[in-house]
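Below are the chains, spelled out letter by letter.
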Amino acid sequence: MVAIIDYDAGNLKSVEKAIDRLGSEAVITRDIKTILHADHVVLPGVGSFGMAMEQLKKYDLHKVIGEVVQKGIPFLGICLGLQLLFESSEECPDAEGLGILRGKIIKIPETSGLKIPHIGWNSLELQNDGRLFEGIPANPYVYFVHSYYLQAEDSGIVKAVTDYGTQIHASVESGNVFACQFHPEKSSSVGLKILDNFIRLHGFIHK
């Protein structure tokens, strides 16, 4: 069972539908026991960094996410869900993120001819043998909607990058923690393959 964390951040139903299409059971929930007993956990999200952290704390879900990571349950952050895994964001400098991974969330720079927010399809440059990208051809196109982007502190966790006025760290993996700045649930057959690869992952043992 895949638990999709419900913290009133939107975009949950499209993730649920994509997982259902793959033949897996998806449950949108904020119930702590359900999340901790799931085989896989997904944190989607659209909206502001600060408001999202307030909502996670309101339902004590920030603590649950920490437990999920410690238990070795495969965890996937999508879009804002990726950004929340880090310490902070320029969008809301006073808001403290989950701090599970290290890096900066920065505003996409103003560049002539490029609109912000970045909305649309961009190709990925795959690197570092990402498990989410197994069986996916080079330079796949995926769908983005965002105004802020990740610069991960450890380049070794970066599994895909894209260019939009600057180099964007588009996907990261560290142990049982996976995250995509793009929306796999809106990225056609490539996105479904990414989600399928995630669902096929087994739990991780922390040493």
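Residues numbered from 1 in each chain as written. Predicted model: local features only at pLDDT ≥ 70, side-chain atom pairs only at ≥ 80, totals over all residues. Heavy atoms only, no water.

**With respect to the packing of aromatic side chains**
The geometry of an aromatic ring pair is captured by the separation of the ring centres together with the interplanar angle, meaning the angle of the planes. Inspection of the entire model under this criterion finds four aromatic pairs. Measuring from centroid to centroid gives 5.8 Å for Phe-144 and Phe-182, while their planes differ by 70°, and the two rings are edge-to-face. Taken together, the residues Phe-144 in strand 8 (residues 141-146) and Phe-182 in the loop between strand 12 (177-180) and helix 6 (188-199) connect sequence positions 38 residues apart. Here the two residues Phe-144 and Phe-182 agree in accessibility, since each one is buried. Relative to Phe-198, the ring of Phe-178 lies with its centre 6.1 Å away and its plane at 70°, an arrangement referred to as edge-to-face. (Phe/Tyr/Trp six-rings, centres within 6.5 Å; stacked < 30°, edge-to-face > 60°. Helix = DSSP H or I, 4+ residues; strand = E, 2+ residues; numbered from the N terminus. Buried < 20%, exposed > 50% of the residue type's maximum accessible area, 1.4 Å probe, protein only.)

**Quick look at the sheet that holds strand 4 (residues 75-78)**
The strand order across the open sheet formed by eight strands is 2-1-3-4-12-11-10-7, and the pairing between neighbours is mixed. Edge positions in the sheet fall to strand 2 (26-29) and strand 7 (125-126), since each has one partner strand and no second. (Pairing = 2+ DSSP bridges.)

**With respect to the environment of Ser-188**
Looking at the element boundaries, Ser-188 is found in helix 6. Ser-188 gets classed as exposed once you look at its relative accessible area, which sits at 51%. In the structure, Ser-188 is positioned 73 residues away from Lys-115 in sequence and 23 Å away in space, judged by C-alpha atoms.

**Looking at helix 3 (residues 49-58)**
Taken as a whole, helix 3 has its buried residues at Phe-49, Gly-50, Ala-52, Met-53, Gln-55 and Leu-56. Of the surrounding secondary structure, the elements contacted by the buried residues of helix 3 are strand 3 (40-43), helix 4 (61-71) and helix 5 (80-84). Positioned one or two residues after helix 3, Asp-60 has a phi angle of 60°, which is positive. (Contact = heavy atoms within 4.5 Å.)

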